[in-house]
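Below, each chain spelled out in residue letters.
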Amino acid sequence: YRSGYFGIFPSAARYRSADNYKPKRKIITPGSSGGSNDRAEFTGLTSPFAIYIYDISGREVRKITDSPFWDGRDGSGNLVEPGVYIYKAEASGIKLTGAIVVAR
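Model, not experiment: these values are computed from the prediction. (Residues numbered from 1 in each chain as written. Predicted model: local features only at pLDDT ≥ 70, side-chain atom pairs only at ≥ 80, totals over all residues. Heavy atoms only, no water.)

Visitor: Could you give an account of the pairing of strand E6 (residues 83-91), naming the residues involved and the relevant values?
Guide: Direction of pairing for strand E3 (residues 49-54) relative to E6: antiparallel, over a ladder of six bridges. Counted as the bridge partner of Tyr 52 is Lys 88 from E6. Here nine bridges tie E6 to strand E7 (residues 94-102), and the two strands are oriented antiparallel to one another. Considered in E7, the bridge of Lys 88 is made with Thr 97. Between E6 and the antiparallel strand that follows it, E7, lie two residues; Ser 92 among them carries a positive phi value of about 45 degrees. (Pairing = 2+ DSSP bridges. Helix = DSSP H or I, 4+ residues; strand = E, 2+ residues; numbered from the N terminus.)

Here's what the structure looks like:
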């Protein structure tokens, strides 16, 4: 019999929650002079992914597939109006939904 130390550690995959991928900022101020709160970042999303942004009436405002953040712009590159926007993100079998507020 040999004595020693051992440990049991939880697997990271076990704690893979959708909350880990949701944007930390729920209120953004795109186009503001400070630039510190100008986008919502979906940390942890890896390619391939898709982020869909909808206005409150359900109209798609933008589809994002190149970088995991939304800078408050529509598909034409224009800043969106202040208000509540709904996001839907899909990646690696994870589906997220939530709201982001755009303020000025």
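Visitor: Can you explain a nonpolar patch on the surface? Please cite residues and give values.
Guide: Together, Ile 27, Ile 56, Val 84, Ile 86 and Val 101 give the surface a local cluster of nonpolar side chains, amounting to about 410 Å² of exposed area. Within the secondary structure, Ile 86 is located in strand E6. (Patch = residues over 30% accessible without salt bridge, like charges linked within 9 Å, V, L, I, M, F, W, Y side chains within 5 Å. Areas by Shrake-Rupley, 256 points an atom, 1.4 Å probe, with all protein chains shown as cover. Salt bridge = Lys/Arg side-chain N within 4 Å of Asp/Glu carboxyl O.)

Visitor: An account of the environment of Thr 46 is needed here, citing residue identities and associated values.
Guide: Mapped onto the fold, Thr 46 is located in the loop between strand E2 (40-41) and E3. By relative accessible area, which is 45% here, Thr 46 ends up partly exposed. Between the C-alpha atom of Thr 46 and that of Ser 92, which follows or precedes it by 46 residues, the distance is 7.7 Å. (Buried < 20%, exposed > 50% of the residue type's maximum accessible area, 1.4 Å probe, protein only.)

Visitor: Can you break down the pattern of salt bridges residue by residue, with the values?
Guide: Between side chains of opposite charge, pairing is possible as soon as their charged atoms come close. For the structure shown, the criterion picks out five salt bridges. With its nearest N and O atoms 3.9 Å apart, the salt bridge here joins Arg 73 to Asp 71. With a relative accessible area of 21%, Asp 71 lands in the partly exposed category. Bridged by salt links that share partners, the residues Arg 62, Asp 71 and Arg 73 form one connected network.

Visitor: Outline the pairing of E3, listing residues and values.
Guide: The buried count for E3 comes to six of six residues, which makes it a mostly enclosed element. With burial as the criterion, each face of E3 is covered, one bearing Phe 49, Ile 51 and Ile 53 and the other bearing Ala 50, Tyr 52 and Tyr 54. In terms of strand pairing, E3 meets strand E4 (residues 60-64) through four bridges, oriented antiparallel. Bridged to Ile 53 within E4 is Arg 62. Linking E3 back to E4 in an antiparallel pair, the connection comprises five residues, with Gly 58 at a positive phi of about 95 degrees.

Visitor: Which residues make up the packing of aromatic side chains, and what values do they have?
Guide: Under the defined criterion, the tally for this structure stands at three aromatic pairs. When the ring centre of Phe 69 is taken as origin, the NZ or CZ atom of Arg 39, which lies over that ring, is 3.9 Å away. Here the basic side chain of Lys 88 rests over the ring of Tyr 52, its NZ or CZ set 5.0 Å away from the ring centre. (Phe/Tyr/Trp six-rings, centres within 6.5 Å; stacked < 30°, edge-to-face > 60°. Lys NZ or Arg CZ within 6 Å of the ring centre and 35° of its normal.)

Visitor: Account for the sheet that holds E3, with residues named and values stated.
Guide: Strands sit in the order E1-E7-E6-E3-E4 across an open sheet of five strands; the sheet is mixed. Looking along the sheet, the strands with just one partner apiece sit at the ends: strand E1 (27-28) and E4.

Visitor: Requested: an account of the side chain of Asp 55, with residues and values cited.
Guide: Residue position: Asp 55 is located in the loop between E3 and E4. Within the local environment of Asp 55, its side chain forms a polar contact with the side chain of Ser 57, the two groups lying 2.7 Å apart. A polar atom in the side chain of Asp 55 sits 2.9 Å from the backbone nitrogen of Arg 59. (Polar contact = N/O pair within 3.5 Å; in protein donor to acceptor, adjacent residues only side chain to side chain.)

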